[in-house]
Amino acid sequence: MPSFTDLTGLFGIAWGIAALCLLCGQSALSPWSPARRLSLLGLVCTLLLAPMNGVPIAVYVRGMVGDLSITTLLALAYATGRSLGYFPPLDTQRRKVSLQLLAVIACVFYPLALGMTLYDPYRWGYGEPWFLLLLFCLALICVLRWPLVALSINLAVLAWVVGWYESSNLWDYLLDPMLSIYALFALVRWSKASAR
Amino acid sequence: MTRRLASSFVAAWSVWIRQFGLWRAGVLLLTLSVFAVAFLKAFDRPPSVDFQSPAPLVQSAHDADSPTAVRTRFVSLAAGPHRHAASLVELKDGRLRAFWFSGSREGAADVEIRSAVFDPLQARWGGEQTVVDRMQTQRAVWRYVKKLGNPVAERTADGMLRLFYVTVSLGGWAGSSITTITSADNGEHWTAPRRLVTSPFLNLSTLVKGAPFHYVDGTTGLPIYHEFIGKFGEVLRLDAHGVVLDKQRLSAGRSSLQPIVLIKNGKHAQVLMRHGEDGRNRVIGTRTEDAGRHWTLPSETILANPNAAVAGVALPDDTLLAALNDIETDRDALSLVTSSDGGTHWRTLSVLEDQRIWRERELTATEYVASVKKQALMTDTRLHDSETDAIAESAKQHMCTTQRCNFEFSYPYMIRSTSGDVHLLYTWNRSLIKHVVFPYAWLAQRLKESRNAELH
């Protein structure tokens, strides 16, 4: 039986893949009712978690990409809910600013964390009080301007506090390479569209 | 009066929530609550503390009838598998347990972590046994595991055994992560494997090689290294349950890997690292004088290094011992060296292996087998012909290509036991693990004699 952190990790991977499938197939699935599409989401999730030759497919994916950050899971949840018509569209300008901020953080964070210099920002995630203070201030600002982002930060920090995943580092709950790559990709696509 | 105050308070809050918005008010309340708990967790983190100084020697180290000669033997004589990357730990009862990875070849899916126990009183190794394999690890960590690698063992402050080993899910060693198991009975039985998350990029590329050490509060310092985009060394700090508390960087870029941390006392430690860049050919060093809160900039030491692992221990009198391939290319020579000035100057105490004479000419397979048999007998004079034949065939299988045959003595691992003896393990021609014991009396004598020896 998987431990709690393995269950959360596997479920996160299954949910992430299922949501991506639904989002990528939006146009093909648009004739379907929201309830039917939600059922498909559940079915894909179940298939990814069901044992195939004794090992769920999610195990193979998890071995390669690790656990998805809480921010990624929430973003996928909102995008899925939006495609099903349950949530309103996000403000384009706010979405752009958020993705720009994510992309900048990722472009600075990952090279440093992967050994470019002697300074390692990944270390802050082990409970540096001033890093938490920075996040707290950011969350407070977002409460006024964009509560959804504040909620995302709060849930990531809460997940870290309760030990939702195996990682004891807060960065792994806030950010992951998949989200960073998406942010960069979305910004490039936007700037190409603006140039046209 | 109280009732009036309470109702005014509630009315004021209702007005504020209506103006601010129920949604925003809820998120604000959540923010305050979550971060209050988060700050409590952050302030509960163990503070930086000093290193645990090396353990004092037990009385037997000073007995007149303690051994005085260096002794060598092989950990296991079952020839055939590829064996590499041994580590060693002293058990509570004074015996030693070794770990290594073994399989058809390095990186194969059949590689397992294997172990054997040495009894110093009987001066012999017990049979080898499997500790963990790829499928067991995969089932326990609920992640695909492609192969296993370097194991490193620790005896925790509360006497448990903890084993860290490298697991790869994607690609080569650059895709490594660390998995850990513990034992409460000196390694007879182990808990289910658990993954350590130590890197933000898909948890890729963290490996172990150097011996763990302890801080005075019982937490563990585990030297690790990265071998993905960068090659650099770090130290992880772990609590008693193996949860990562902190991480410190020792080097950066692609300069170095496989750090070993030689603890001199509570505040001072010297780190030696394998160089990671072509052309540098020197061991990289860094040191701390405040128990690892700060480290000096990494710099080249005087010790030659052919991009190969280094091992070492610090003796109670601040003398450093290191075992390494102190040559600039290949791994066909291995020496024991010492420094009495904290790692600035080094002298050779003993040449453990040296097969460089064969570099200039290509050995035939027959000559190679004869040489390996001779080296095996020199290691352990009790070996029978059938055993040396099997050893030589195994070495030929692992070390000979169609072009030539090579010798390799690599990946040393060294510990100092509580008796004062220094134990060294290293890979011997990728087929066996060789064990060398430097008795306390021998070390004391050689260190005295080496004071006038030539410096490196």
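So, a few notes on the structure that sits alongside this text. (Residues numbered from 1 in each chain as written. Chains lettered and ligands numbered in written order. Predicted model: local features only at pLDDT ≥ 70, side-chain atom pairs only at ≥ 80, totals over all residues. Heavy atoms only, no water.)

**Digging into empty space enclosed by the protein**
Working step 1: Under the definition given, this model contains three cavities of 30 Å³ or more.
Working step 2: The volume enclosed by the largest cavity comes to roughly 240 Å³.
Working step 3: Taken together, 22 residues make up the lining of the largest cavity; nearest its centre are Gly 66 and Asp 67 of chain A together with Val 197, Leu 202 and Asn 203 of chain B.
Working step 4: Here the second largest cavity is characterised by a volume of approximately 50 Å³.
Working step 5: Lining the second largest cavity are Glu 166, Ser 167 and Ser 168 of chain A together with Arg 194, Arg 195, Leu 196, Val 197, Gly 242, Val 243 and Val 244 of chain B.
Working step 6: Here the element with the most residues in the lining of the second largest cavity is strand 10 (residues 194–196) of chain B; it accounts for three residues.
Working step 7: Residues belonging to the lining of the second largest cavity are distributed by class as follows: four nonpolar, three polar and three charged. (1 Å grid on protein atoms, 1.4 Å probe; cavity = no way out; pocket = protein on both sides within 12 Å on 5 of 7 lines; lining within 4 Å. Points joined across faces, edges and corners; volume = space filled by probe spheres on them. Helix = DSSP H or I, 4+ residues; strand = E, 2+ residues; numbered from the N terminus. Nonpolar A, V, L, I, M, F, W, Y, C, P; charged D, E, K, R; others polar.)

**A few points about the interface of chain A and chain B**
Working step 1: Contact with chain A, which involves 55 residues of that partner, is made by 49 residues of chain B.
Working step 2: Buried surface at the junction of chain A and chain B, both sides included, amounts to about 4,600 Å², of which 69% is carbon and sulfur.
Working step 3: Counting the surface chain A buries against chain B, the share from its top three residues, Leu 114, Leu 118 and Tyr 126 of chain A, is 16%.
Working step 4: Residue Arg 143 of chain B pairs with Glu 166 of chain A through a salt bridge whose shortest N-O separation is 2.7 Å.
Working step 5: For the pair chain A and chain B, the number of links is 20 residue pairs in polar contact (both at pLDDT 80 or more).
Working step 6: Broken down by secondary-structure element, the contributors of at least two residues to the side of chain A that touches chain B are helix 1 (4–24), strand 2 (55–56), helix 4 (57–65), helix 6 (92–113), helix 7 (129–145), helix 8 (147–162) and helix 10 (177–195) of chain A. (Contact = heavy atoms within 4.5 Å. Buried area = accessible area lost by both parts, 1.4 Å probe. Salt bridge = Lys/Arg side-chain N within 4 Å of Asp/Glu carboxyl O. Polar contact = N/O pair within 3.5 Å; in protein donor to acceptor, adjacent residues only side chain to side chain.)

**Concerning unusual backbone geometry**
All names here are of chain B.
Working step 1: For Gln 258, which is not glycine, the phi torsion reads 50 degrees and is therefore positive.
Working step 2: According to the relative accessible area criterion, Gln 258 is buried, its value standing at 1%.
Working step 3: We note that Ala 291 has phi near 60 degrees; this positive angle belongs to a residue other than glycine.
Working step 4: Following the sequence through the fold, Ala 291 ends up in the loop between strand 18 (282–288) and strand 19 (299–304). (Buried < 20%, exposed > 50% of the residue type's maximum accessible area, 1.4 Å probe, protein only.)

**Observations concerning the state of the cysteines**
Working step 1: This structure, assessed with the given rule, holds one disulfide over all chains.
Working step 2: Left without a disulfide partner, Cys 24 of chain A is nearest to the cysteine sulfur of Cys 21 of chain A, which lies 6.9 Å away. (Disulfide = S-S within 2.5 Å.)

**Details of the layout of surface pockets**
A probe matching the size of a water molecule, rolled over the atoms, marks out where space remains unfilled.
All names here are of chain B.
Working step 1: Estimated volume of the second largest pocket: approximately 960 Å³.
Working step 2: As for the second largest pocket, its lining consists of 36 residues, and the residues nearest its centre are Ala 55, Pro 212, Phe 213, His 214 and Arg 416.
Working step 3: If you list the elements that add at least two residues to the lining of the second largest pocket, you get strand 2 (82–90), strand 7 (147–155), strand 12 (213–214), strand 16 (256–263), strand 20 (310–314) and strand 24 (409–416).
Working step 4: Here the residues of the lining of the second largest pocket are counted per class, giving 22 nonpolar, nine polar and five charged.

**A word on the sheet that holds strand 26 (residues 432–438) of chain B**
Residue and element names in this part refer to chain B.
Working step 1: An order of 1-26-25-24 is seen for the four strands of this open sheet, with the pairing classed as antiparallel. Because the sheet does not close on itself, it has two edges, and the strands there are strand 1 (71–74) and strand 24. Each neighbouring strand pair of the sheet contributes to a mean axis angle of 20 degrees, computed without reference to strand direction.
Working step 2: Relative to strand 26, strand 25 (residues 422–428) runs antiparallel, the two being bridged by seven bridges. Bridge assignment links Trp 428 to a residue of strand 26, and that residue is Leu 432.
Working step 3: Strands strand 1, strand 24, strand 25 and strand 26 of the sheet are contacted by helix 4 (residues 365–379), whose axis makes an angle of about 125 degrees with strand 1. (Pairing = 2+ DSSP bridges. Axes fitted to C-alpha atoms, helices over the stretch in contact; angles between N-to-C directions.)

**What about the packing of helix 7 of chain A against helix 2 (residues 22–43) of chain B?**
Working step 1: Two elements in contact, helix 7 of chain A and helix 2 of chain B, have axes separated by 10 Å at closest approach and are oriented at 180 degrees. Viewed along their axes, helix 7 of chain A and helix 2 of chain B adopt a mutual orientation that is roughly antiparallel. Of the residues in helix 2 of chain B, those in contact with Pro 129, Leu 132, Leu 133, Leu 135, Phe 136, Ala 139, Leu 140, Val 143, Leu 144 and Arg 145 of chain A of helix 7 of chain A are Arg 24, Val 27, Leu 28, Thr 31, Leu 32, Phe 35, Ala 38, Phe 39, Ala 42 and Phe 43 of chain B.
Working step 2: When its residues are assigned to classes, the contact of helix 7 of chain A with helix 2 of chain B shows 17 nonpolar, one polar and two charged. (Parallel < 35°, antiparallel > 145°, perpendicular 65-115°, else oblique.)

**Examining the environment of Gly 26 of chain B**
Working step 1: Residue position: Gly 26 of chain B is located in helix 2.
Working step 2: Placed 428 residues apart in sequence, Gly 26 of chain B and Glu 454 of chain B show a C-alpha to C-alpha distance of 74 Å.

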